[in-house]
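In case you want the letters, here they are:
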Amino acid sequence: MSWQTYVDDHLMCDVEGNRLTAAAILGQDGSVWAQSANFPQLKPEEISGINKDFNEPGTLAPTGLFIGGTKYMVIQGEPNAVIRGKKGAGGVTIKKTTQAMVFGIYEEPMTPGQCNMVVERLGDYLIESGL
Amino acid sequence: MADDKRKNTRNDVVLIFDTLFSVSQSSVSSSQSLFFASFYLVLLAMEALVVDAGSKLLKAGAAVPDQSPAMIIPSQMKRMVDDDGPSTVSEDVTLDPIERGFIRDWDAMEDLLRYVVYTGLGWEEGSEGNILFTDPLSTPKAIREQLVQLMFETFNVSGFYASEQAVLSLYAVGRISGCTLDIGHGKIDIAPVLEGAVQHIASKRFELGGTELTKLLAQELGKSNPSTNLSMSDVEKLKEQYANCADDEIAYEKTQNCEIEQHTLPDGQVISIGRERYSVGEALFQPSILGLEEHGIVEQLVRIISTVSSENHRQLLENTVLCGGTTSMTGFETRFQKEASLCSSAIRPTLVKPPEYMQEDVGLYSAWVGGAILAKVVFPQNQHVTKADYDETGPSVVHRKCF
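Sequence order as written defines the numbering, with residues in each chain counted from 1. Whichever chain is written first becomes A and whichever ligand is written first becomes 1, with later ones labelled in order. Restriction of local features to residues with pLDDT of at least 70 applies here, the model being predicted, together with a cutoff of 80 or more for giving and counting side-chain atom pairs; totals for whole chains, interfaces and linings are based on all residues. Only heavy atoms go into the side-chain values, all of them from the structure, while hydrogens and water stay out.

A. Representation of the overall build of chain A. Note on conventions: DSSP H or I runs of at least 4 residues are helices, E runs of at least 2 residues are strands, and numbering of each starts at the N terminus. Helices and strands together make up the secondary structure of chain A, namely three helices and seven strands. Of the regular secondary structure in chain A, the N- to C-terminal order runs α-β-β-α-β-β-β-β-β-α. Over its C-alpha atoms chain A spans a radius of gyration of 13 Å, differing by no more than 12% from the 14 Å that the globule rule assigns to 131 residues. With respect to the three principal axes, the spread of C-alpha positions in chain A is 35 × 35 × 25 Å. A total of 131 residues make up chain A; the buried ones form 52% of that total. Surface accessibility of chain A: about 5600 Å² in total, with carbon and sulfur atoms responsible for 51%. Separation of charge centres in chain A, based on 10 positive and 15 negative side chains, amounts to 6 Å. All radius of gyration figures rest on C-alpha atoms, and the globule criterion is 2.2 Å times the number of residues raised to 0.38. Partly exposed describes any residue whose relative accessible area lies between the buried limit of under 20% and the exposed limit of over 50%, with all areas from a 1.4 Å probe on protein chains only and scaled to the type maximum. Exposure was quantified through the Shrake-Rupley algorithm and a 1.4 Å probe, taking into account, for residues, occlusion by the shown protein chains and nothing else. All tallies of charge rest on Lys and Arg as positive and Asp and Glu as negative; His and the ends of each chain are not included. Charged side chains are reduced to one point each, which is NZ for Lys, CZ for Arg, CG for Asp and CD for Glu.

What follows is the structure in structure tokens.
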């Protein structure tokens with residue numbers, strides 16, 4: 001299965017009537033393995049900020065999480081596993097796998113819980129497969 | 001229009017709030033109020049249970065936000081041990097299933113919940129509904145997971161949700177952002193919340209609470225009444241009756257010569273209470289009385305808010321909420337506001353006034369009320385953890401869906 005199929009079928013799938021706005025699977029170095037049509041371009045400093053926050057949770061909280069220039073307020077995640085951000089009624093969930101990071105950006109009416117389920121489920125599957 | 005707004009949980013909470021307000025105010029157009037009233041009635045038909053388990057009191061009831069919880073019972077339990085042998089002495093061992101806000105003794109907790117849910121609130125075995133629990137700040141993941149497991153496997157609930165007490169206390173006063181100061185029996189939590197999300201990096205938890213104040217009172221009374229024997233539960237009652245906050249530090253110094261009151265204990269002993277009752281209140285503002293090298297709570301609150309990004313400072317300071325049993329002490333609020341006005345920072349903490357239609361002493365169970373409000377939003381919209389979710393993913397699903 002190609003990475004693009006993972007994004008199209010497993011991340012951008014229908015969840016109780018809602019879909020993610022954008023999703024992507026990126027390598028931990030920032031390289032794009034696959035992404036959805038309107039996923040923003042991440043800057044190198046944003047990638048390094050995210051990696052740093054995975055290693056030392058709390059580094060991004062004071063300044064905020066930036067994705068393609070958009071600022072998200074950091075909320076409770078899981079150390080070295082999940083980073084969650086909130087922006088108004090929407091937000092982002094980033095799940096770290098063995099070699100990659102799974103991104104899911106959602107807007108109203110999708111709920112944070114639904115986004116988490118989708119992103120983290122795929123992430124867990126990739127971890128089990130060694131990716 | 002109303003349906004679009006309903007999609008987002010946090011907007012919903014404010015909307016439920018407006019509903020309660022407008023239904024009581026009758027200032028909304030008749031068609032709108034009829035719609036809201038029928039919405040409210042539909043929700044009443046499938047009520048969830050809300051349980052706020054604290055170190056001292058357990059508050060539980062059906063999710064009806066503008067009433068106080070149906071059950072407010074002490075969390076402390078007694079285990080009766082009967083000796084089948086020759087001696088007929090039965091030992092009573094008191095247990096606290098909840099220590100410092102966290103569930104420690106799971107067997108006792110299960111028994112307590114069984115009593116609450118089946119006997120107290122009238123659930124029937126086989127048709128359990130939805131339940132919402134409140135968590136204190138920084139609840140370890142393992143404790144949350146174990147609670148979910150207990151609920152689904154032992155109690156067979158159909159839906160579960162857990163939310164942090166700080167966020168719920170804010171919902172109870174109609175806010176989604178602000179700073180909560182929760183002074184409970186086992187802990188003090190200071191948590192800034194922005195748009196329904198607790199800023200964990202900035203929050204602080206103190207392992208001191210009503211218990212320490214009771215011990216202080218017992219100590220002080222022991223010094224001034226050396227001949228009398230006081231049990232902790234007596235001291236606890238005395239604290240609730242007499243504890244006071246002096247107007248400020250100078251007034252506290254003056255209490256050296258304050259009036260001494262005589263109090264008769266249930267067993268007939270008479271004790272005199274003088275300055276001790278002011279010491280209890282003062283300890284919160286000057287922890288050195290308890291022997292702690294910490295700043296007073298107002299100072300701590302300001303410091304915590306200053307660690308959050310500056311654009312949110314005003315919002316947090318202007319929406320400070322006091323909750324927890326200890327804050328109902330006479331003179332506490334006035335003293336807090338006085339200390340706040342002495343603050344050096346540009347914006348001073350301002351306390352939020354609970355809305356008029358809320359009960360008088362909503363501070364005592366604001367987390368429960370907030371839980372009731374949240375339950376009305378979360379369960380109908382299926383944002384909670386269902387039995388199917390639990391069966392598929394296991395206990396860790398609680399971290400994904402509940403926050």
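B. Region of interest: the packing of aromatic side chains. Two rings from Phe, Tyr or Trp (for Trp, the six-membered ring) form a pair when their centres sit within 6.5 Å of each other. Planes less than 30 degrees apart are called stacked, planes more than 60 degrees apart edge-to-face, and all others tilted. Throughout the structure, instances matching the rule amount to 10 aromatic pairs over all chains. For the pair Tyr6(A) and Tyr125(A), a centre-to-centre distance of 6.3 Å together with 45 degrees between the ring planes defines the contact as tilted. On the criterion of sequence distance, the pair formed by Tyr6(A) in helix H1 (residues 3-11) and Tyr125(A) in helix H3 (residues 112-128) is long-range, its members being 119 residues apart. Ring centres 6.1 Å apart and planes at 20 degrees place the aromatic pair Tyr118(B) and Phe155(B) in the stacked group. A residue pair is termed long-range when its members are at least 10 positions apart, and Tyr118(B) in helix H4 (residues 106-120) and Phe155(B) in the loop between helix H5 (141-154) and strand S9 (159-164) qualify at 37 residues. Across the pair, exposure class does not vary: Tyr118(B) and Phe155(B) are buried alike. Ring-pair connections join several aromatic residues into one group, and the members of that group are Trp3(A), Tyr6(A), Trp33(A) and Tyr125(A).

C. View of the sheet that holds S9(B). Residue and element names in this part refer to chain B. Any two strands with at least two DSSP bridges between them are considered paired. The strand order S3-S2-S1-S8-S9-S17 describes an open sheet built from six strands, whose pairing is mixed. Since the sheet does not close on itself, it has two edges, and those belong to strand S3 (71-74) and strand S17 (385-386), each with one partner. Looking at chain direction, strand S1 (residues 49-53) and strand S8 (residues 130-135) are connected through three bridges and run parallel. Among the inter-strand pairings, Leu-49 is bridged to a residue of S8, identified as Ile-131. Throughout, a contact is declared for two residues whenever any of their heavy atoms are within 4.5 Å. The angle between two axes is taken between their N-to-C directions and runs from 0 to 180 degrees, where each axis is a line fitted to C-alpha atoms and a helix contributes only its stretch in contact. The sheet strands contacting H4 are S1, strand S2 (57-62), S3 and S8, and the helix crosses S3 at an angle near 150 degrees. Set on the sheet, helix H6 (residues 165-172) makes contact with S1, S8 and S9; between it and S9 the angle comes to about 85 degrees.

D. Molecular detail of the domain arrangement of chain B. All names here are of chain B. Here the domain parsing of chain B yields domain 1 (49-173 + 360-402) and domain 2 (188-196 + 201-342). With 14 residues of domain 1 at the interface, the matching set in domain 2 holds 22 residues. Taken together, both faces of the contact between domain 1 and domain 2 bury some 1300 Å²; the carbon and sulfur share is 60%. It is Arg-100, Leu-137 and Leu-170 that lose the most area in domain 1 upon contact with domain 2, and together they represent 44% of the buried surface on that side. What makes a salt bridge here is a side-chain nitrogen of Lys or Arg within 4 Å of a carboxyl oxygen of Asp or Glu, nothing more. Where domain 1 meets domain 2, there are four salt bridges. One salt bridge connects Arg-100 with Glu-212, and the closest N-O pair in it is separated by 2.9 Å. Counting of polar contacts relies on pairs of N or O atoms within 3.5 Å, with two restrictions inside protein: one atom must be capable of donating a hydrogen and the other of accepting it, and residues adjacent in sequence are counted only when both atoms are side-chain atoms. Here domain 1 is connected to domain 2 by six residue pairs in polar contact (both at pLDDT 80 or more). Ranked by the residues each element gives to the side of domain 1 that touches domain 2, the list is headed by H6, at five residues. How far each domain reaches was decided by an automatic or database domain assignment. Here the quantity called buried area is the accessible surface, traced with a 1.4 Å probe, that two parts lose on coming together, added over both.

E. The arrangement of unusual backbone geometry in detail. Across the junction of Glu108(A) and Pro109(A), the peptide omega takes the value 5 degrees, indicating a cis bond. Checked against the element boundaries, Pro109(A) lands in the loop between strand S7 (100-106) and H3. Non-glycine residue Glu16(A) carries a positive phi angle of around 50 degrees. If you trace the backbone, Glu16(A) turns up in the loop between H1 and strand S1 (22-27). We classify Glu16(A) as exposed; its relative accessible area is 57%. Positive phi, normally seen in glycine, also occurs at Asn156(B), with a value near 55 degrees. By the secondary structure assignment, Asn156(B) is in the loop between H5 and S9.

F. A look at the packing of H1(A) against H3(A). Residues and elements named next belong to chain A. At a closest axis distance of 11 Å, the pairing of H1 and H3 adopts a crossing angle of 140 degrees. On the basis of their axis angle, the class for H1 and H3 is oblique. When you trace H1 past H3, the crossing you get is right-handed. Along its contact with H1, which presents Trp-3, Tyr-6, His-10 and Leu-11, the element H3 presents Val-118, Val-119, Leu-122, Tyr-125 and Leu-126. In this classification, the charged set is Asp, Glu, Lys and Arg, the nonpolar set is Ala, Val, Leu, Ile, Met, Phe, Trp, Tyr, Cys and Pro, and all remaining amino acids, among them Gly, are polar. When grouped by side-chain class, the residues that make up the contact of H1 with H3 number eight nonpolar, one polar and no charged. Angles below 35 degrees are treated as roughly parallel, those above 145 as roughly antiparallel, those between 65 and 115 as roughly perpendicular, and all remaining angles as oblique. Left-handed describes a crossing whose near helix is turned anticlockwise from the far helix through less than a right angle; right-handed describes the clockwise counterpart.

G. Broad picture of the nonpolar core. Residues and elements named next belong to chain B. Within the largest apolar cluster, 70 residues are counted, with the highest numbers of intra-cluster contacts made by Leu-58, Ile-131 and Phe-160. For this core, the element with the highest residue contribution is H4, accounting for eight residues. For this core, the domains that each give at least three residues are domain 1 (49-173 + 360-402) and domain 2 (188-196 + 201-342). Apart from the residues within four sequence positions on either side, Leu-58 is in contact with Val-51, Asp-52, Ala-53, Met-71, Ile-72, Ile-73, Ser-75, Met-109, Leu-112 and Val-116. We define a nonpolar core as any set of buried Ala, Val, Leu, Ile, Met, Phe, Trp, Tyr and Cys residues linked to one another through side-chain atoms lying within 4.5 Å.

H. Expanded view of the interface of chain A and chain B. Chain A puts 23 residues into the contact, and the matching count from chain B is 23 residues. Both faces considered, chain A and chain B share a buried interface measuring about 1900 Å² in area, 55% of it formed by carbon and sulfur atoms. For the pair chain A and chain B, the interface holds six salt bridges. Residues Glu78(A) and Lys141(B) are paired through a salt bridge, measuring 3.3 Å at the closest nitrogen-oxygen approach. Across the chain A-chain B interface, the total number found is seven residue pairs in polar contact (both at pLDDT 80 or more). Taken together, the elements giving at least two residues each to the side of chain A that touches chain B come down to strand S4 (70-78), strand S5 (82-87) and H3 of chain A. Here the side of chain A that touches chain B gets seven residues from one element, more than from any other, and that element is H3(A). Its residues assigned to classes, the side of chain A that touches chain B shows nine nonpolar, six polar and eight charged.

I. Layout of the sheet that holds strand S6 (residues 90-96) of chain A. Residue and element names in this part refer to chain A. Taken together, seven strands build an open sheet; the order of strands is S2-S1-S7-S6-S5-S4-S3 and the sheet is antiparallel. With partners counted over all chains shown, the strands left at the sheet margins are strand S2 (32-35) and strand S3 (65-67), one partner each. Neighbour-to-neighbour, the strand axes of the sheet open up by a mean angle of 25 degrees, direction not taken into account. The pairing of S4 with S5 spans four bridges and is antiparallel. The residue of S5 that forms the bridge with Val-74 is Gly-85. Relative to the sheet, H3 contacts S1, S4, S5, S6 and S7, its axis offset from that of S6 by approximately 15 degrees.

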